[in-house]
Amino acid sequence: MPTIDDFTIRLLEKRDQSALISLHNSCRPDTPLTLFDLDILAKQNEGEPYAWFGIERGGTLVGASHYRHSSENMSARTFMVDLFVDPLWHNQGLEQDLFEHLEAEVGGLEPHELAVRLREDNRETYGFFSTRDFDERERRYTSRLHLGDLGADDLAALPTPPGALRLRSLADLNADNTTYRELYTLMIELLGDVPWRDSFEPWSFETWKARLLEAPTHLPDGLLIAFRGDAMVGLTQLYRTGTPGLLSTGLTGVRRSDRRQGVATALKAAALRYAHTHGYDTLVTTNHATNEAMLALNAKLGFVRDPAWLLLVKTVATPGARATTGAR
């Protein structure tokens, strides 16, 4: 039986990405990681605390962990963490070694909370973190629609914009900085109504522009905006992923003054038409479990829920102090 002396933990580098992806996807085939995903994570966390670590035996990567500062509330000192180990090495102490190393690394960043997001059917990882004082604080559902199931009649039956409402893509607008400011204002207003676990802390305009409009995931013709007259009243944001044929939905929302008038339904229907027209196989969207109205709308349009994504959180008793760990 190998001992801990046979294993080493080190910071992973760009040259390790292929091995990291292979390991992750053997551990979690239902939620695959791609090189595109890693590039996006690096871009989103540029200038922020972010790192991947690997545990090796004889030069072979057998486990990995990572941390990043939560982007949802940057001042909350919440750090997202995760780890996974090759199934051949499960329950031999490697998970605990990675976790202790991760705690030590993040401890120097003075965290208030450690958090991990995982699917509810990932029972082994759930068990590992729940026995180390991580508690469930939030649920989200990813729902997916297989566009190949939609026929011409289904597409023709999708709702159209009501009344004087117009739908335009960002690409249609030949946008300048004034347009971007209007869009930023709308997004921040809509994000303020999202049922976040913590208080909403908006990005600055410059950060928003860099993380949204300059991101490799950005699709100007897939950011669909609802206008009433010259005023922006709602939007839905589609973005590309690293998985071929898969298109994802970001924020969908409508200003309070224009809700319950079919605007969100028209935006969602336009997104389906866009995805189908552009040859995508699957459209996915993620919503908080408490957002019953949007979950119901997705179901009405034919989306089917995946197992829920859970957010498990551990409070660090004293900022900067290393949290205690559980048994192997």
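First, a word on what this report is: a plain description of the structure on this page. (Residues numbered from 1 in each chain as written. Predicted model: local features only at pLDDT ≥ 70, side-chain atom pairs only at ≥ 80, totals over all residues. Heavy atoms only, no water.)

1. Observations concerning the pattern of salt bridges
Here is step 1: This structure, assessed with the given rule, holds 20 salt bridges.
Here is step 2: Here E13 makes a salt bridge to R15, at a shortest N to O gap of 3.1 Å.
Here is step 3: Judged by relative accessible area, R15 falls into the exposed class, the value being 62%.
Here is step 4: Of the charged contacts in the structure, one is a salt bridge between D121 and R119, with a shortest N-O distance of 2.7 Å.
Here is step 5: For D121, a relative accessible area of 38% gives the class partly exposed.
Here is step 6: For R119, a relative accessible area of 12% puts it in the buried group.
Here is step 7: Through salt bridges with shared partners, a single ionic network connects R10, E13, R15, D16 and E56. (Salt bridge = Lys/Arg side-chain N within 4 Å of Asp/Glu carboxyl O. Buried < 20%, exposed > 50% of the residue type's maximum accessible area, 1.4 Å probe, protein only.)

2. Focus: helix α8 (residues 263-277)
Here is step 1: Here α8 spans 21 Å end to end across 15 residues, near enough to the 21 Å set by a 1.5 Å rise per residue.
Here is step 2: With respect to burial, α8 is a largely interior element, 12 of its 15 residues being buried.
Here is step 3: By the burial criterion, the buried members of α8 are V263, A264, T265, A266, L267, K268, A269, A270, A271, L272, Y274 and A275. (Helix = DSSP H or I, 4+ residues; strand = E, 2+ residues; numbered from the N terminus. Expected span 1.5 Å × (residues − 1).)

In short, the description is geometric, and any link to function would need to be established separately.
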